[in-house]
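Analysis of the macromolecular model
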Amino acid sequence: MALVTSSLPFLPYGRQAIDETDVAAVVEALRSDLLTTGPRVEAFERALAERLGVRHVIAVSNGTAALHAAYHAVGVGSGDTVVVPAITFLATANAARFLDAEARFADVGADDGLLAADLLERALADGGPVRAVAPVHLTGRPVDLDGVAAVARAHGAAVIEDACHALGATYRGAPIGACSRSDAAVLSFHPVKHVTTGEGGAIATNDDTIARRARRFRSHGMVHDAASLESPSPGPWYYEQQELGYNYRITDLQCALGSSQLRRLDDFLARRRALAARYDTLLAEVPHVRPIARGPEGAESAWHLYAVLIDFAAVGRTRGEVMLALRERGIGSQVHYIPVPAQPYYRRRGADPARFPGALRYYERTLSLPLFPALRDDDPDRVVAALAAVLAEGADHSR
Ligand SMILES: *Cc1c(COP(=O)(O)O)cnc(C)c1O
């Protein structure tokens, strides 16, 4: 194998897009009176709520905290079960464990990696009652929310959308995060996501009770406002801890960045869409590679990731070899995700990945290629040329 060291910049699979307006917004916040729990947190929450078309947004320290708070707010507790797809980031399942609930896995489509109504139906038939279901809009493609929510409701389970990949996606004309078919949706503002606050997350909901519980959970289980107190207030210092909560607050510095980034979201989305379309065109010419399936009718992806399915057996190289060879050409790639029931922690709790053939089939073929707004117009050409060359080397090997 030829060792090619590229002189072009290394392309990670994803990265943030920070400009001078973002920097100025953070600097301004840094000079202000309140660095946390101040007006910039509320402003970010309002801007997000408006963008999503939802009643309440509660911004928190990260997406994992948002999942924890959302599960708690819909009543997930000790001994309960939350159904999560077998292909997702660990946090979707772990947040159930934080509450001493079990994560029960549902299989996903082999070609799209998404939960669907029939797969959820099977997971729900696979044990006792389920408190909540957490569909994941993997790579930014909304799952079939109508189908999934109908099945969940028929079983008395709440629906918490893990929308960490899907800010800017739409389902049947409504933004993901509008929660028209779910109890709540959860976002992340990690730097690889659409909009970043460094670390950050949010819960979106139309339900006043879920919103109140999530807010209380974010800050130690404390309440201050007179209307929420259990006892009459003896004075202005008074607060009550009404349950066990955490410090999941986000700072004003972070929310200043978040609001500034949110103003750029449409540009980010347009850029991601255009780059994805270019990838689609270029990849049509490359043997043994195809884009992952598009997802359900009427759903518009937010293009968090550009993932392909590669028939590595036909190529004659392992995925590890392909990733290393791409890296030598200055191109990063990643696998989203290892099936969660295959993790040692969940195996020790009785999970068996062999029971999720769709997830295993998706996992063995998937690879995420660089996709982020700052990619240049011709970067997809460079990535696909490198991928085609690396895969062709495999064919040479196996001859
Ligand atoms: C990023 C992500 C999370 C967790 O978000 P953090 O902000 O990193 O805690 C949860 N679920 C999915 C699907 C994600 O991509």
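First, a word on what this report is: a plain description of the structure on this page.

Description of the site of the ligand
- Around the ligand lies a shell of 14 residues, among which Gly63, Thr64, Asp162, Ser188 and Lys193 are the nearest.
- Here an oxygen atom of the ligand sits 2.6 Å away from a polar atom, N or O, in the side chain of Thr64.
- Within the side chain of Tyr337, one N or O atom sits 3.3 Å away from an oxygen atom of the ligand.
- Relative to its free-state accessible area of 380 Å², the ligand is covered by the protein chains to the extent of 92%.
- Among the detected pockets, the ligand sits in the second largest pocket.
- For the shell around the ligand, the leading source of residues is helix H3 (residues 63–73), giving three residues.
- Residues of the shell around the ligand, tallied by class, amount to four nonpolar, eight polar and two charged.

Thoughts on a nonpolar patch on the surface
- On the surface, Ile18, Val23 and Val27 cluster together into a nonpolar patch covering about 210 Å² of accessible area.
- By the element assignment, Val27 lies in helix H1 (residues 20–30).

As for the sheet that holds strand S7 (residues 174–175)
- Overall, antiparallel pairing links the three strands, which are arranged S7-S6-S13 in an open sheet. Of all strands in the sheet, those with a lone pairing partner are S7 and strand S13 (299–300), marking the two edges.

Let's talk about empty space enclosed by the protein
- Per the stated rule, a full pass over the model turns up two cavities of 30 Å³ or more.
- What the largest cavity holds in volume is close to 60 Å³.
- Contributing to the lining of the largest cavity are Leu145, Glu161, Tyr171, Ala174, Pro175, Ile176, Gly177, Ala178, Cys179, Ser180, Arg181 and Ser182.
- In this model, the second largest cavity occupies a volume close to 50 Å³.
- For the second largest cavity, the full set of lining residues is Arg15, Gln16, Ala17, Pro191, Lys193, His194, Val195, Thr196, Gln261, Phe268, Arg272 and Pro373.

Looking at helix H7 (residues 208–218)
- Turning to H7, its buried residues number three or more, namely Ile210, Ala211, Ala214, Arg216, Phe217 and Arg218.
- On the buried face of H7, the contacting elements are helix H2 (39–52), strand S1 (56–60), H3, strand S9 (201–205) and strand S10 (222–223).
- Within two residues after H7, His220 carries a phi angle of roughly 65°, on the positive side.

Quick look at the pairing of S1
- With five of five residues buried, S1 lies mostly within the body of the structure.
- Of the two faces of S1, the one lined by His56, Ile58 and Val60 and the one lined by Val57 and Ala59 are each fully buried.
- Pairing of S1 with S9, which is carried by five bridges, proceeds in the antiparallel orientation. In the strand pairing of S9, His56 is matched with Thr205.

Overview of unusual backbone geometry
- Cis geometry is found at the peptide bond from His336 to Tyr337, where omega equals 5°.
- Note on placement: Tyr337 falls in the loop between helix H11 (319–328) and helix H12 (344–348).
- In this structure, His288 takes a positive phi of about 70° despite not being glycine.
- Within the fold, His288 resides in the loop between helix H9 (265–283) and strand S12 (289–291).
- Using a relative accessible area of 41% as the deciding quantity, one classes His288 as partly exposed.

Quick word on the packing of H3 against helix H4 (residues 90–98)
- Two elements in contact, H3 and H4, have axes whose closest approach is 9 Å; the angle formed by their N-to-C orientations is 50°. Taken together, the axis directions place H3 and H4 in an arrangement best described as oblique. Note that H3 runs across H4; the crossing there is right-handed. Mapping the contact onto sequence places Thr64, Leu67, His68 and Tyr71 in H3 and Ala91, Thr92, Ala95, Ala96 and Phe98 in H4.
- Looking at the contact of H3 with H4 residue by residue, the class counts come to six nonpolar, three polar and no charged.

Overview of the environment of Ala314
- Considering the arrangement of structural elements, one finds Ala314 in helix H10 (residues 312–315).
- You can call Ala314 partly exposed: its relative accessible area is 39%.
- Between the alpha carbons of Ala314 and Gly394 there is a distance of 9.0 Å; along the sequence they are 80 residues apart.

Side note on the layout of surface pockets
- Put simply, the largest pocket is a space of about 470 Å³.
- In terms of lining, the largest pocket is formed by 17 residues, of which the most central are Arg215, Arg218, Ser219, Met222 and His224.
- Here the lining of the largest pocket gets four residues from one element, more than from any other, and that element is H7.
- Considered as a void within the structure, the second largest pocket measures approximately 370 Å³ in volume.

Observations regarding the pattern of salt bridges
- If you walk through the whole model with that rule in mind, you get 23 salt bridges.
- With a closest N to O distance of 2.5 Å, Asp146 and Arg172 form a salt bridge. Taken together, the residues Asp146 in helix H6 (residues 145–154) and Arg172 in the loop between strand S6 (170–171) and S7 connect sequence positions 26 residues apart.
- Owing to a relative accessible area of 46%, Arg172 belongs among the partly exposed residues under this scheme.
- One network of salt bridges, with partners in common, ties together Asp19, Asp22 and Arg264.

Quick look at the packing of aromatic side chains
- Applying the stated rule across the entire model yields ten aromatic pairs.
- On the numbers, 6.0 Å between centres and 45° between planes, the contact of Phe89 with Tyr337 is tilted. One end of the pair, Phe89, is in the loop between strand S2 (81–85) and H4; the other, Tyr337, is in the loop between H11 and H12, with 248 residues separating them in the sequence.
- Taking relative accessible area as the criterion, Tyr337 reaches 13% and is therefore assigned buried.
- With 5.9 Å between their ring centres and 15° between their planes, Trp303 and Tyr306 make a pair best called stacked.
- Owing to a relative accessible area of 17%, Trp303 belongs among the buried residues under this scheme.
- Overall, Tyr306 belongs to the buried group, its relative accessible area being 1%.
- An aromatic cluster of at least three residues, connected via ring pairs, comprises Phe105, Tyr345, Tyr346 and Phe356.
- Of note, Arg319 hangs over the ring of Tyr363, and the distance from its end group to the ring centre comes to 4.7 Å.

About the cut-offs
Residues numbered from 1 in each chain as written. Predicted model: local features only at pLDDT ≥ 70, side-chain atom pairs only at ≥ 80, totals over all residues. Heavy atoms only, no water. Near = heavy atom within 4 Å. Polar contact = N/O pair within 3.5 Å; in protein donor to acceptor, adjacent residues only side chain to side chain. Areas by Shrake-Rupley, 256 points an atom, 1.4 Å probe, with all protein chains shown as cover. 1 Å grid on protein atoms, 1.4 Å probe; cavity = no way out; pocket = protein on both sides within 12 Å on 5 of 7 lines; lining within 4 Å. Sits in = over half its atoms within 2 Å of the grid points. Helix = DSSP H or I, 4+ residues; strand = E, 2+ residues; numbered from the N terminus. Nonpolar A, V, L, I, M, F, W, Y, C, P; charged D, E, K, R; others polar. Patch = residues over 30% accessible without salt bridge, like charges linked within 9 Å, V, L, I, M, F, W, Y side chains within 5 Å. Salt bridge = Lys/Arg side-chain N within 4 Å of Asp/Glu carboxyl O. Pairing = 2+ DSSP bridges. Points joined across faces, edges and corners; volume = space filled by probe spheres on them. Buried < 20%, exposed > 50% of the residue type's maximum accessible area, 1.4 Å probe, protein only. Contact = heavy atoms within 4.5 Å. Axes fitted to C-alpha atoms, helices over the stretch in contact; angles between N-to-C directions. Parallel < 35°, antiparallel > 145°, perpendicular 65-115°, else oblique. Left-handed = near helix turned anticlockwise from the far one by under 90°. Phe/Tyr/Trp six-rings, centres within 6.5 Å; stacked < 30°, edge-to-face > 60°. Lys NZ or Arg CZ within 6 Å of the ring centre and 35° of its normal.

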